[in-house]
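Architecture and fold: a report
Below, each chain spelled out in residue letters.
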Amino acid sequence: MSYADVNGVRLWYEIHGTGRPLVLLHGGYGAVEMFAPILPALAARRRVVGVDLQGHGRTADVDRPLRFESMADDVAALIRHLGLGETDVLGYSLGGGVALRLAVGHPELVRRLVVVSAPCRRQGWYPEVLAAMATQDERTGERMRGTPPHELYERIAPRPQDWPALWAKTGDLLRQEYDWSTEVAALAKPTLLVFADADSIPVRHAAEFFGLLGGGHRDAGWDGTDRPASRLAVLPGLTHYDIVSSPALPAAVIPFLTTQVREPA
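Below you will find a few notes about this structure. Because the structure is predicted, anything quoted here is derived from the model rather than measured. (Residues numbered from 1 in each chain as written. Predicted model: local features only at pLDDT ≥ 70, side-chain atom pairs only at ≥ 80, totals over all residues. Heavy atoms only, no water.)

Time to look at the overall build of the protein chain. Helix and strand content of the protein chain: ten helices and eight strands. For 265 residues, the compact-globule estimate of 2.2 N^0.38 gives 18 Å, and the C-alpha radius of gyration of the protein chain, at 18 Å, lies within 12% of that figure. Among the 265 residues that make up the protein chain, the fraction classed as buried is 55%. A separation of at least 24 residues holds for 76% of the contacts in the protein chain among residues at least 6 apart in sequence. Of the roughly 11,200 Å² of accessible surface on the protein chain, 54% is carried by carbon and sulfur atoms. With 27 positive and 31 negative side-chain charges, the protein chain shows a spacing of 4 Å between the two charge centroids. (Helix = DSSP H or I, 4+ residues; strand = E, 2+ residues; numbered from the N terminus. Rg over C-alpha atoms; globule rule 2.2 N^0.38 Å. Buried < 20%, exposed > 50% of the residue type's maximum accessible area, 1.4 Å probe, protein only. Contact = heavy atoms within 4.5 Å. Areas by Shrake-Rupley, 256 points an atom, 1.4 Å probe, with all protein chains shown as cover. Lys, Arg positive; Asp, Glu negative; His and termini not counted. Charge placed at Lys NZ, Arg CZ, Asp CG, Glu CD.)

In structure tokens, the structure reads:
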């Protein structure tokens, strides 16, 4: 457990387990602790590197906007700093967007990619979720005091007084339009998409996202030889908010990371 000075950010990371590295990127307003319920299952098979992104957890904010691309650059710099080489990456929600941008912008650093409950374009969220994102600001942060995410932030953040500013900067990020469909279609990395069946992202977008990765276009054949390199999992009985703590998540992720898959064409 330590800090790395990368790109002007003092980035917190912690390492658990041994073996091939797996970088974990948490969701918005969270920290590495977000993965605590599933960390033992992942660390039993992997050298897990948990990261607190800019302004989150133990990583203090810096004077720049929150953007998926800059946070991905931070993670790329950390991977190089630690000498991890080509690594597996799992990102959830906000961290899923960061993980996707890492694979797009730094493909040489990513072996396999897992995107959990994150869309490939902003309009992939349900309209009511987008409407809630549009209202996130410092006043929302003040109303969220006393919630579990705030209690964790209060306990571990270098500057707990930055909580309202984190909401303002995150709200600004979430209001930015993006559509990464073209880059996803060109992504040459085996990718696992994982969604809940009652996610904040409709299953139809999950299918669209999977289609961009080459999935869902044809029968795989009796022997599976026409199966795409990427995978799609829709986990039953879960939502956007509890998927990251469910044992069903590592049960879906570990086989993808540990079995041989055909590389994308």
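Strand order across the open sheet formed by eight strands is β1-β2-β4-β3-β5-β6-β7-β8, with mixed pairing between neighbours. With one partner strand each, in any of the chains shown, β1 (2-6) and β8 (231-239) form the two edges of the open sheet. In this sheet, neighbouring strand axes are inclined to one another by 25° on average, regardless of whether the strands run parallel or antiparallel. The strands touched by helix α2 (residues 68-82) are β1, β2 (9-16), β3 (21-25), β4 (47-52) and β5 (87-92); relative to β1, the strand with the most contacts, the crossing angle is about 115°. Strands in contact with helix α3 (residues 94-105) are β3, β5 and β6 (110-116); relative to β5, the strand with the most contacts, it is inclined by about 145°. (Pairing = 2+ DSSP bridges. Axes fitted to C-alpha atoms, helices over the stretch in contact; angles between N-to-C directions.)

In this structure, Val23, Leu25 and Phe209 are the most contacted members of the largest nonpolar core, which totals 56 residues. Per element, the largest residue contribution to this core is eight residues, and it comes from α2. In contact with Phe209, other than residues within four places in its own chain, are Leu100, Val115, Ala118, Pro119, Cys120, Val184, Leu193 and Phe195. (Core = buried A, V, L, I, M, F, W, Y, C linked by side-chain atoms within 4.5 Å.)

Moving on, we get to the side chain of Thr191. Within the fold, Thr191 resides in strand β7 (residues 191-198). Its relative accessible area of 1% is what places Thr191 among the buried residues. For Thr191, the residues in contact, after removing those within four places along its chain, are Leu113, Leu213, Ser230, Arg231 and Phe256.

Let us now look at a nonpolar patch on the surface. On the surface, a nonpolar cluster with roughly 200 Å² of combined accessible area is contributed by Val203, Leu232 and Val234. Relative to the helices and strands, Leu232 resides in strand β8. A relative accessible area of 32% means that Leu232 is categorised as partly exposed. (Patch = residues over 30% accessible without salt bridge, like charges linked within 9 Å, V, L, I, M, F, W, Y side chains within 5 Å. Salt bridge = Lys/Arg side-chain N within 4 Å of Asp/Glu carboxyl O.)

Right, let's get into helix α4 (residues 127-134). Turning to α4, its buried residues number three or more, namely Val129, Leu130 and Met133. Buried positions in α4, seen along its axis, are confined to an arc of 100° and lie on one side of it. More than 90 degrees from the buried face of α4, the exposed residues found are Pro127 and Glu128. (Arc of directions from axis to C-beta.)

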